[in-house]
Number of protein chains: 2
Amino acid sequence: MNLEEAKQQFISSWGAFGTNWGINRTMAQIHALLLISPDPQSQDDMMEALNISRGNANMNIRDLIGWGLAERVIIPGERKEYFTAEKDIWKVAKQIVKERKKRELEPMLQLMDKLEQTEGDKRDKEMKAFIEVITGIKKLGIQADKTLETLVKAEENWFINNVIKIFR
Amino acid sequence: MNLEEAKQQFISSWGAFGTNWGINRTMAQIHALLLISPDPQSQDDMMEALNISRGNANMNIRDLIGWGLAERVIIPGERKEYFTAEKDIWKVAKQIVKERKKRELEPMLQLMDKLEQTEGDKRDKEMKAFIEVITGIKKLGIQADKTLETLVKAEENWFINNVIKIFR
DNA sequence: ATATATTTTCAGAAATATTTGAAAGTTTAA
DNA sequence: TTAAACTTTCAAATATTTCTGAAAATATAT
């Protein structure tokens with residue numbers, strides 16, 4: 001397989017892969033393109049490479065920036081905006097974990113707190129089953145939150161950081 | 001909030017939550033319903049509780065079973081099939097991790113292996129950038145795979161199992 | 001065997017999510 | 001200032017996913 005074919009396959013598979021994770025195809029494909037592009041890409045570059053419309057490109061680039069996965073780059077003397085992505089996959093993964101934690105785990109824990117307050121007779125088996133599930137989810141969520149927080153804060157943690165380096 | 005309201009909210013939020021994770025709303029809602037139901041539920045029970053059609057219920061129950069998250073229960077003297085879900089959230093989480101690992105991580109690693117074989121001049125910067133990303137993803141994937149495998153196999157591991165118990 | 005209960009399938013309908021493209025908005029250069 | 005270059009917005013079109021419901025298949029009881 002030559003480089004062009006490989007790039008195409010990477011972009012298209014990354015897009016399909018993203019779909020399983022609640023990330024839309026185009027956003028994942030733009031990210032894939034930026035990952036493997038040594039130089040910053042303009043919106044027009046992406047539109048051409050991925051065969052997508054201006055509006056679609058614009059919206060998804062903005063989402064990527066919102067996720068902290070891409071950033072604007074100014075090229076002196078150029079009028080257009082260019083974009084790059086962080087190339088260190090570990091940092092990328094950390095950033096994704098951080099965002100999902102904020103966007104999903106935290107709201108979920110809030111909901112569990114609320115549902116834990118449900119009023120009712122604790123001897124009723126329906127009630128018991130409900131409260132048990134809610135507290136179980138809450139405990140798991142808190143534990144996951146802590147674990148992920150440690151991971152995300154890894155660079156501030158000498159020990160973990162060194163463990164990670166071993167595998168890097 | 002009373003139990004009925006709380007149950008409703010839990011089911012509906014769990015469904016919305018699943019949507020962000022590539023799991024369809026109905027499947028997540030059925031799972032939520034089974035989680036908080038002390039007794040096994042029939043397909044008709046679920047159709048009524050969630051206001052869904054027979055076909056939809058049937059298909060999603062089967063998917064849940066495929067994910068190892070629900071199972072058929074025979075109630076002696078009853079003609080209908082009944083279903084339950086594992087109530088221990090830790091086991092549920094482990095099962096989900098196990099399945100996603102198999103369905104997504106492993107195929108992704110296979111793809112990276114393939115893309116790593118791409119032919120080309122390693123001094124070319126396009127080529128270099130591409131290979132670096134691929135090997136980075138592969139390394140991260142392998143590490144994640146190992147870590148998750150440890151987690152999933154936790155009950156076979158005395159030490160980890162005890163660490164987990166502390167938080168349980 | 002026949003009737004009845006239950007489960008499964010699947011084509012078409014409905015709901016949701018994504019994408020387009022043209023118009024409006026903004027920035028920059030001369 | 002003006003005009004060209006570029007970016008953003010958003011209503012409508014398209015694509016994708018999910019759901020329905022009735023018919024077919026299967027299982028069970030009499």
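Further up the page is the structure itself.
Treat the numbers as computed from the prediction; the structure is a model and nothing was measured.

Conventions used here
- Residues numbered from 1 in each chain as written.
- Chains lettered and ligands numbered in written order.
- Predicted model: local features only at pLDDT ≥ 70, side-chain atom pairs only at ≥ 80, totals over all residues.
- Heavy atoms only, no water.
- Helix = DSSP H or I, 4+ residues; strand = E, 2+ residues; numbered from the N terminus.
- Buried < 20%, exposed > 50% of the residue type's maximum accessible area, 1.4 Å probe, protein only.
- Phe/Tyr/Trp six-rings, centres within 6.5 Å; stacked < 30°, edge-to-face > 60°.
- Least-squares fit on C-alpha atoms with pLDDT ≥ 70 in both.
- Contact = heavy atoms within 4.5 Å.
- Salt bridge = Lys/Arg side-chain N within 4 Å of Asp/Glu carboxyl O.
- Near = heavy atom within 4 Å.
- Polar contact = N/O pair within 3.5 Å; in protein donor to acceptor, adjacent residues only side chain to side chain.
- Nonpolar A, V, L, I, M, F, W, Y, C, P; charged D, E, K, R; others polar.
- Buried area = accessible area lost by both parts, 1.4 Å probe.

### Some remarks on the environment of B:Val133
Residues and elements named next belong to chain B. Mapped onto the secondary structure, Val-133 falls in helix 6 (residues 125–152). Residue Val-133 is classed as buried on the basis of its relative accessible area of 3%. When the C-alpha atoms of Val-133 and Glu-81 are compared, they prove to be 50 Å apart, with 52 residues separating the residues in sequence.

### Remarks on the packing of aromatic side chains
The tally for this structure, following the rule as stated, stands at seven aromatic pairs over all chains. For the ring pair B:Phe10 and B:Trp14, a centre distance of 5.4 Å and an interplane angle of 35° mean the geometry is tilted. Taken together, the residues span about one helical turn, with B:Phe10 and B:Trp14 both in helix 1 (residues 3–19) at a distance of four residues. With respect to class, B:Phe10 is no different from B:Trp14; both count as buried. Taken together, A:Phe10, A:Trp14, A:Phe17 and B:Phe130 form an aromatic cluster joined through their ring pairs.

### Overview of the relation of the copies chain A and chain B
For these two chain copies, the linking operation is a rotation about an axis paired with a shift along it. Each copy superposes on the other: chain A lies on chain B with an RMSD of 0.1 Å after a rotation of 180° and an axial shift of 0.0 Å. Between the two chains, the operation in question is that of a two-fold axis. A symmetric contact is evident, with 100% of the interface residues of chain A recurring at the interface of chain B.

### Quick word on the pattern of salt bridges
Overall, the coordinates contain 30 salt bridges over all chains when judged by the stated rule. B:Asp44 is paired through a salt bridge with B:Lys80; the nearest N and O atoms lie 3.9 Å apart. Of the two residues, B:Asp44 sits in helix 3 (residues 43–50) while B:Lys80 sits in the loop between strand 2 (70–73) and strand 3 (82–85), which places them 36 residues apart along the sequence. When its relative accessible area of 29% is taken as the criterion, B:Asp44 is described as partly exposed. Overall, the relative accessible area of 42% leaves B:Lys80 in the partly exposed class. Salt-bridge contacts for B:Lys153 lead to B:Glu149; the nearest nitrogen and oxygen are separated by 2.7 Å. Given the relative accessible area of 37%, B:Lys153 is considered partly exposed. It is possible to trace a salt-bridge network through shared partners that takes in A:Lys101, A:Glu106, A:Asp145, A:Glu149 and A:Lys153.

### A closer look at the protein's contact with DNA strand D
Within the structure, DNA strand D sits among 19 residues, and A:Asn58, A:Arg62, A:Glu81, B:Thr26 and B:Ser53 are positioned closest to it. Counting only the atoms of DNA strand D within 4 Å of the protein, the fraction contributed by sugar and phosphate is 65%. One of the side-chain nitrogen or oxygen atoms of A:Asn58 is found 2.7 Å away from a phosphate oxygen of DNA strand D. For the surface near DNA strand D, the elements supplying multiple residues, two or more each, are helix 4 (54–66) of chain A together with helix 4 (54–66) of chain B. When residues of the surface near DNA strand D are assigned to their parent elements, the largest contribution, four residues, is made by helix 4 of chain A. Here the residues of the surface near DNA strand D sort into one nonpolar, ten polar and eight charged.

### A closer look at the interface of chain A and chain B
The interface of chain A with chain B comprises 44 residues on the first partner and 44 residues on the second. Note on chain A versus chain B: buried area summed over both sides is about 4,300 Å², and carbon and sulfur give 74% of it. Put simply, A:Glu126 and B:Lys7 hold a salt bridge, and the shortest N to O gap is 2.5 Å. One can count twelve residue pairs in polar contact (both at pLDDT 80 or more) joining chain A with chain B. Of all the secondary structure elements, the ones that give two or more residues to the side of chain A that touches chain B are helix 1 (3–19), helix 2 (25–36), helix 5 (89–116) and helix 6 (125–152) of chain A. The element best represented in the side of chain A that touches chain B is helix 6 of chain A, accounting for twelve residues.

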